[in-house]
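Reading the structure
The primary structure of each chain is shown beneath.
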Amino acid sequence: MGDLVLEALTKRYGGTVAVEDVDLEVRQGEMVALLGPSGCGKTTTLRMVAGFITPSAGHVRIAGQDVTRRPPYARDTGMVFQSYALFPHMSVAQNVAFGLEMRRVGRTERETRVMEALRLVRLDHLADRLPGQLSGGQQQRVALARALVVNPAVFLLDEPLSNLDAKLRGEVRMEIRSLQQRLGLTTLIVTHDQEEALTMADRLVVMERGRVRQVGTAEELYESPRDPFVAGFVGRCNLIEGQPEGTAGFRARGGALLPCTTAAAPVGTGGVLALRPERIALAAAAPGEGAARLEAVTYLGAQTEYVVDYAGTSLVVIRATPPEGDPLRRLAPGDAVALTWDPAAARLLPAQ
Amino acid sequence: MGSLLLRRAFYRGSIAFAFLLMLAPVLTVITISFFRQEIVTFPPEALTLRWYVNAWSQQEFARGFVTSLQVAALATLIGVPLGTAAALALQRSRIRGKGALNALLLGPLAVPGVVGGTALFMFYLRAEFWLDRDITATLEGLVAAHVLLTIPWSVRLVSASLTGLDRSAEEAAANLGARPLTVFWRVTLPMMRPGIVAAALFSFIQSFENLELTLLLVGPGRTTLPVAMLSYLEFRMDPTLSAVATVQIVLVAALMLLTDRFVKLSRVV
């Protein structure tokens, strides 16, 4: 066990930069998720930690040791692959035993530890099966056991759930998280699914085009995104371009003046106002009275989503679906509505 | 509705007809091998196994059969490892000119057998002169020629199985502490096994049934089965040949079915 430190890690392919200047510290026992759209460099970063890709610059340190130039087999990481990557010609037990064999662990101890690891993922009864005879979820659990049995210093997960169907995904997700916490594993997980990242990781790293945009807990990223990309990627968000007008609020490019308190920025510099859809309150208004007009209503069960034209700016509003009989329930496109929000809930962010 | 049924019936009929066209000669040969009379006439007077007995007693066939087995086995043993190594290099290494190399390795398949055979014959004659030893009509000469069949087929079949191979299993092995050579022996090679077995079986068949390439390279006392059959045909025309052909068909068909279990031949042939 140990911590993982990335220092100014960079990978260039010819002129294109895949990963640039990534600094990150994963503390002992912590689970950190690399999150971002495809092509953002998250997988390249993980593969540099595992040793499958040689960095162009920067360092990887595992438990205090610089492993940047070490081959994958000398790194002491345990990786779980998106495609499971089990050895198809070996039984489940042989798969799990492989890493121990490479470490020259004696036969008796090997057998005990293999069964222990399989019991951990509740697959000890399938030890003699071949991977091809198992379901996707079971195969992924074998892969977990295989990576864990060697007690790696760092646990690496590359999109471990994306080949599973929705129901299994939730199950395996819980399983990975509980194992990780129980065993105190220093873990780096790559995912493009924000829900996965939010529910599993202690901290998240949002990446875009090879760079780290922001590092923080789920709450920090959601409540105080540092830039419009993070605000839009973690949860849904109204991102309105325009510029602050002192204490008056924020002047959207469409002309609307939006109340916000963070408009301390000097007048004249462009910015983006981030406003979460669920922070906006919506009320019915007399025709012709409100500045806002309803454009679309989508019933989503527990919630209802409204698209509102707010003086030329389109805003998405999400509210709990009003109870039967509430006049709000009968709102239809074209109706006048009134929108209100706490000015403190609207965050002013630098333009992209 | 009616037209759909009609169309379906038409498709099925066409497919059945095509199969009939392809299988008719084979089925005819097999049927004739059991006819008793020497000159083939329908219907047969009676059915018999005497042509099989006759075939076995013909020294040329028995010897040709043994020679063919030897040549095919040796050419397979030499060609498959070489072809496998070449396929690995083509798929995995960073050498330059892979396209050209691939074309060169598959080249023998594009050259008509008779042309290749003639070229080899002339080359062998010259080499015999320089080396002052026999090459045509020797086992070595035949094996060397047939390696030209087994290498391309091995490259093709092993390459096909390599393309579908999941590289992440190899990465997982490295991640678990296996050095490159261990990864190869413990993971890569076992995962390639179906392709290699298919390559071996198919190479054997190609060598065993080859006529065109071999035709000029045989000599008295050293003849392969297909060539022996052709020579027999020049002088006689009784069902003995059908009996030999039937044995050959059964052997090749069995090997083909076996091969198909390892690598779907429809993917590579």
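On to the overall build of chain A. From N to C terminus, chain A includes 8 helices and 20 strands. Viewed in the frame of its principal axes, chain A has a C-alpha envelope of about 80 × 50 × 30 Å. Across the 352 residues that make up chain A, the buried fraction comes to 39%.

What follows is about helix α6 (residues 139-163) of chain B. All names here are of chain B. Across its 25 residues, α6 extends 35 Å between first and last C-alpha, which sits within 8% of the 36 Å expected from 1.5 Å per residue. Of all the bends found along α6, the most pronounced is centred on H146 and spans about 30°. The element α6 is extensively covered by neighbouring structure, given that 19 of its 25 residues are classed as buried.

Let's shift gears to the sheet that holds strand β17 (residues 303-310) of chain A. Note on sheets: strands pair through backbone hydrogen bonds, and any given pair is parallel or antiparallel. Residues and elements named next belong to chain A. Taken in spatial order, the 5 strands line up as β15-β19-β16-β17-β18 in an open sheet, and their pairing is antiparallel. Every interior strand has two partners, whereas the edge strands, β15 (281-284) and β18 (313-320), have only one. Neighbouring strand axes in the sheet, compared pairwise and without regard to direction, differ in orientation by 40° on average.

Take the interface of chain B and chain A next. If you look at the interface, chain B gives 15 residues, while chain A gives 18 residues. Elements supplying a minimum of two residues to the side of chain B that touches chain A: α7 (167-175) and α8 (180-208) of chain B. A per-element tally of the side of chain B that touches chain A places α7 of chain B first, with 7 residues. When grouped by side-chain class, the residues that make up the side of chain B that touches chain A number 9 nonpolar, 3 polar and 3 charged.

Our next topic: the nonpolar core. Residues A33, V96, A145 and L188 of chain A are the most contacted members of the largest nonpolar core, which totals 101 residues. Here this core spans two domains, since at least three of its residues come from each of domain 1 (4-223) and domain 2 (236-350) of chain A. Beyond its immediate stretch of four places on either side in the chain, L188 of chain A contacts L4, V26, V32, L34, L46, V49, V154 and L156 of chain A. With 46 residues, the next largest nonpolar core counts A87, L142, V147 and V227 of chain B among its residues.

Right, let's talk about the sheet that holds strand β11 (residues 238-244) of chain A for a bit. In spatial order, the strands read β13-β12-β11-β14-β20 (chain A); together these 5 strands make up an open sheet with antiparallel pairing. Each edge of the sheet is formed by a strand with only one pairing partner; in this case those strands are β13 (257-258) and β20 (347-350) of chain A.

Once that is clear, we can look at the domain arrangement of chain A. Domain boundaries in chain A define domain 1 (4-223) and domain 2 (236-350). Put simply, the middle of domain 1 of chain A and the middle of domain 2 of chain A, counted by C-alpha atoms, are 41 Å apart.

Attention now moves to the packing of helix α2 (residues 92-102) of chain A against helix α3 (residues 107-120) of chain A. Residues and elements named next belong to chain A. Relative to each other, α2 and α3 sit at 125°, their axes nearing to 9 Å. The angle between the axes of α2 and α3 places the two elements in the oblique class. In this structure, α2 meets α3 at a crossing whose hand is right-handed. Packed against α2, whose contacting residues are A93, V96, A97, L100 and E101, the element α3 presents R110, R113, V114, A117 and L118 at the interface. Looking at side-chain class alone, the contact of α2 with α3 contains 7 nonpolar, no polar and 3 charged residues.

Right, let's talk about the pairing of strand β7 (residues 154-158) of chain A for a bit. Both faces of the sheet carry side chains from a regular strand, because those side chains alternate between them. Residues and elements named next belong to chain A. Taken across its 5 residues, β7 has 5 buried, putting it largely inside the fold. Burial along β7 is two-sided: V154, L156 and D158 facing one way and F155 and L157 facing the other are all buried. Relative to β7, strand β6 (residues 77-80) runs parallel, the two being bridged by 4 bridges. When the sheet's bridge partners are listed, V80 is paired in β7 with L157. Direction of pairing for β7 relative to strand β8 (residues 187-191): parallel, over a ladder of 4 bridges. Its bridge partner lying in β8, D158 is registered against V190. In this fold, β7 hands off to helix α5 (residues 166-183), which returns the chain to β8; that crossover is right-handed.

Glancing now at the packing of helix α3 (residues 59-92) of chain B against α6 of chain B. Residues and elements named next belong to chain B. α6 packs onto α3 with a crossing angle of 40° between their chain directions and a minimal axis gap of 6 Å. Classified by the angle between their axes, α3 and α6 sit oblique to one another. The chirality of how α3 crosses α6 is right-handed.

Cut-offs used in this document
- Residues numbered from 1 in each chain as written.
- Chains lettered and ligands numbered in written order.
- Predicted model: local features only at pLDDT ≥ 70, side-chain atom pairs only at ≥ 80, totals over all residues.
- Helix = DSSP H or I, 4+ residues; strand = E, 2+ residues; numbered from the N terminus.
- Buried ≥ 20, exposed ≤ 12 C-beta atoms within 10 Å, placed from the backbone.
- Expected span 1.5 Å × (residues − 1).
- Bend = angle between axes of the 7 residues up to and from the residue.
- Pairing = 2+ DSSP bridges.
- Axes fitted to C-alpha atoms, helices over the stretch in contact; angles between N-to-C directions.
- Contact = placed C-beta atoms within 7 Å.
- Nonpolar A, V, L, I, M, F, W, Y, C, P; charged D, E, K, R; others polar.
- Core = buried A, V, L, I, M, F, W, Y, C linked by C-beta atoms within 7 Å.
- Domains from an automatic or database assignment.
- Parallel < 35°, antiparallel > 145°, perpendicular 65-115°, else oblique.
- Left-handed = near helix turned anticlockwise from the far one by under 90°.
- Right-handed = clockwise from strand over helix to strand, strands pointing away.

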